[in-house]
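# Results of the structural survey
Chain by chain, the residues:
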Amino acid sequence: MIFTRSDEDTASQTSPRVARALETYRSVIACHEHITRGSGVHLLTAALMLPCYQAEFRDLALAMTPEEERELRYALDAICETAA
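In what follows, the accompanying structure is described. (Residues numbered from 1 in each chain as written. Predicted model: local features only at pLDDT ≥ 70, side-chain atom pairs only at ≥ 80, totals over all residues. Heavy atoms only, no water.)

### Side note on the nonpolar core
Applied cut-off: The term nonpolar core refers to a set of buried residues drawn from Ala, Val, Leu, Ile, Met, Phe, Trp, Tyr and Cys, joined through side-chain atoms within 4.5 Å. Each residue gets one of three labels from its accessible area relative to the maximum for its type: buried under 20%, exposed over 50%, partly exposed in between, using a 1.4 Å probe on protein chains only. Secondary structure follows DSSP: runs of H or I at least 4 residues long count as helices, runs of E at least 2 residues long count as strands, and numbering of each begins at the N terminus.
Within the largest apolar cluster, 10 residues are counted, these being Val 18, Ala 21, Leu 22, Phe 57, Leu 60, Met 64, Leu 72, Ala 75, Leu 76 and Ile 79. When residues of this core are traced back to their parent elements, those giving at least two are α2 (16-37), α3 (41-62) and α4 (66-83). Broken down by element, this core gets its largest block of residues, four residues, from α4. The next biggest cluster of nonpolar side chains, apart from the first, holds five residues, and it includes Val 28, Ala 46, Leu 50 and Tyr 53.

Take a look at the structure:
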């Protein structure tokens, strides 16, 4: 089960590794939301998948070039601004 949200503008402008990291980050956020709600079948799935998504995000971030890191930071800042 993968929790994702398609964002075509972001995906078309980013490198493949950054796009994958953003997709994984959105899955982490979705897992946190399901866990926070605390009910339903998705709660258990989210709780089990969260560490996997976090590890995948960490591995992707560690493998990035400095340019990709900068690109990811800008994209994450934009996501955080829209959430606030």
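### Looking at the packing of α2 against α3
The condition that has to hold: Helix axes are fitted to C-alpha atoms over the stretch in contact, other axes to C-alpha atoms as well, and angles between N-to-C directions run from 0 to 180 degrees. Put simply, angles under 35 degrees are roughly parallel, angles over 145 are roughly antiparallel, angles from 65 to 115 are roughly perpendicular, and the rest are oblique. Should the near helix be turned anticlockwise from the far one by less than a right angle, the crossing is left-handed, and should it be turned clockwise, the crossing is right-handed. We call two residues in contact whenever any of their non-hydrogen atoms come within 4.5 Å of each other. As a working rule, the residues Ala, Val, Leu, Ile, Met, Phe, Trp, Tyr, Cys and Pro are called nonpolar, Asp, Glu, Lys and Arg charged, and the rest polar, with Gly in that last group.
At a minimum axis distance of 8 Å, the contact between α2 and α3 shows a crossing angle of 150 degrees. Considering their axes alone, α2 and α3 lie roughly antiparallel with respect to each other. Between α2 and α3 lies a crossing whose hand is left-handed. Packed against α2, whose contacting residues are Arg 17, Arg 20, Ala 21, Thr 24, Tyr 25, Ser 27, Val 28, Cys 31, His 32, His 34 and Ile 35, the element α3 presents His 42, Leu 43, Ala 46, Ala 47, Met 49, Leu 50, Tyr 53, Gln 54, Glu 56, Phe 57 and Leu 60 at the interface. For the contact of α2 with α3, the residue count by class is 13 nonpolar, six polar and three charged.

### What to know about the pattern of salt bridges
In plain terms, the rule: What makes a salt bridge here is a side-chain nitrogen of Lys or Arg within 4 Å of a carboxyl oxygen of Asp or Glu, nothing more.
The tally for this structure, following the rule as stated, stands at four salt bridges. Between Glu 68 and Arg 17 there is a salt bridge; the shortest N-O distance is 3.1 Å. With Glu 68 in helix α4 and Arg 17 in helix α2, this pair connects stretches of sequence that are 51 residues apart. You can call Glu 68 buried: its relative accessible area is 11%. Linking Glu 56 and Arg 20 is a salt bridge whose minimum nitrogen-to-oxygen distance equals 2.5 Å. Taken together, the residues Glu 56 in helix α3 and Arg 20 in helix α2 connect sequence positions 36 residues apart. Overall, Glu 56 belongs to the partly exposed group, its relative accessible area being 23%. Taking the relative accessible area as the measure of exposure, Arg 20 reaches 31% and is therefore partly exposed. Ionic contacts of the salt-bridge type, sharing partners, join the residues Arg 20, Glu 23 and Glu 56 into one network.

### Observations regarding the packing of α2 against α4
Orientation of α2 relative to α4, taken along the N-to-C sense of each, is 35 degrees, at an axis distance of 10 Å. The handedness of the crossing between α2 and α4 is right-handed. Across the interface between the two elements, Arg 17, Val 18, Ala 21, Leu 22, Tyr 25, Arg 26 and Ile 29 of α2 pack against Glu 68, Glu 71, Leu 72, Ala 75, Leu 76, Ile 79 and Cys 80 of α4. When its residues are assigned to classes, the contact of α2 with α4 shows 10 nonpolar, no polar and four charged.

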